[in-house]
Amino acid sequence: MSWTYACPKCKALLNPNEAVVLVAQRGDDRMLIGFHPDPGNYEIFVPPGVPIEEGSRWEFSCPVCRADLAMEDSPNLCALEMLTGSETALIMFSRIAGEKATFVLAQRSVQAQFGNAAEIYLNSLINKKYIM
Ligand SMILES: [Zn+2]
């Protein structure tokens, strides 16, 4: 299945090629990071020589409008829109390096869940009414 990813604020297309490209920042390190477009595939494309420390928390923002992609009420998660055909979904993923937690939500139900850390967030997403 081929997904298109978009910024929830400005709707810019974020995977014009293969990877989903976001601005990543941590302290003084600021760069573009590419994510594999298949949800649940945690391969990332980083500039050479950049150490991504396990457990470090990164800020992700839209490369077009610079909107912070972190969820206001779930600060360890980021959210993007996902579109395929006429369907729109919301993808949420952990912004902690090495923490595998991804949700694909549509109509407030979980379409898919990936990663061994997803369970950590599931109850909180239910409590916050992202999931009914
Ligand atoms: Zn944007």
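Scroll up to find the structure.
Rules used in this analysis
Residues numbered from 1 in each chain as written. Predicted model: local features only at pLDDT ≥ 70, side-chain atom pairs only at ≥ 80, totals over all residues. Helix = DSSP H or I, 4+ residues; strand = E, 2+ residues; numbered from the N terminus. Buried ≥ 20, exposed ≤ 12 C-beta atoms within 10 Å, placed from the backbone. Core = buried A, V, L, I, M, F, W, Y, C linked by C-beta atoms within 7 Å. Contact = placed C-beta atoms within 7 Å.

Below, the discussion takes up the overall build of the protein chain. Of regular secondary structure, the protein chain possesses one helix and ten strands. When the helices and strands of the protein chain are placed in sequence order, the string is β-β-β-β-β-β-β-β-β-β-α. With the C-alpha coordinates aligned to their principal axes, the bounding extent of the protein chain is approximately 40 × 30 × 25 Å. Sorting the 132 residues of the protein chain into buried and exposed places 23% on the buried side.

Okay, the nonpolar core next. Of all hydrophobic cores here, the largest spans 26 residues; its most connected members are Leu14, Cys78, Leu80 and Met92. Within the residue set of this core, elements represented by two or more residues are strand E1 (4-6), strand E2 (20-26), strand E7 (74-84), strand E8 (87-94), strand E9 (102-106) and helix H1 (118-127). Ranked by residues supplied to this core, first place goes to E7 with four residues. Apart from the residues lying within four places of it in its own chain, the contact partners of leucine 80 are Tyr5, Ala6, Pro8, Leu14, Leu69 and Ile91.

Next up on the list: unusual backbone geometry. In this structure, lysine 11 is a non-glycine residue whose phi angle is positive, near 70°. With 13 C-beta atoms packed within 10 Å, lysine 11 lands in the partly exposed category. One non-glycine residue, glutamine 107, lies in the positive phi region at around 45°. Counting through the fold element by element, glutamine 107 comes out in the loop between E9 and strand E10 (109-114).

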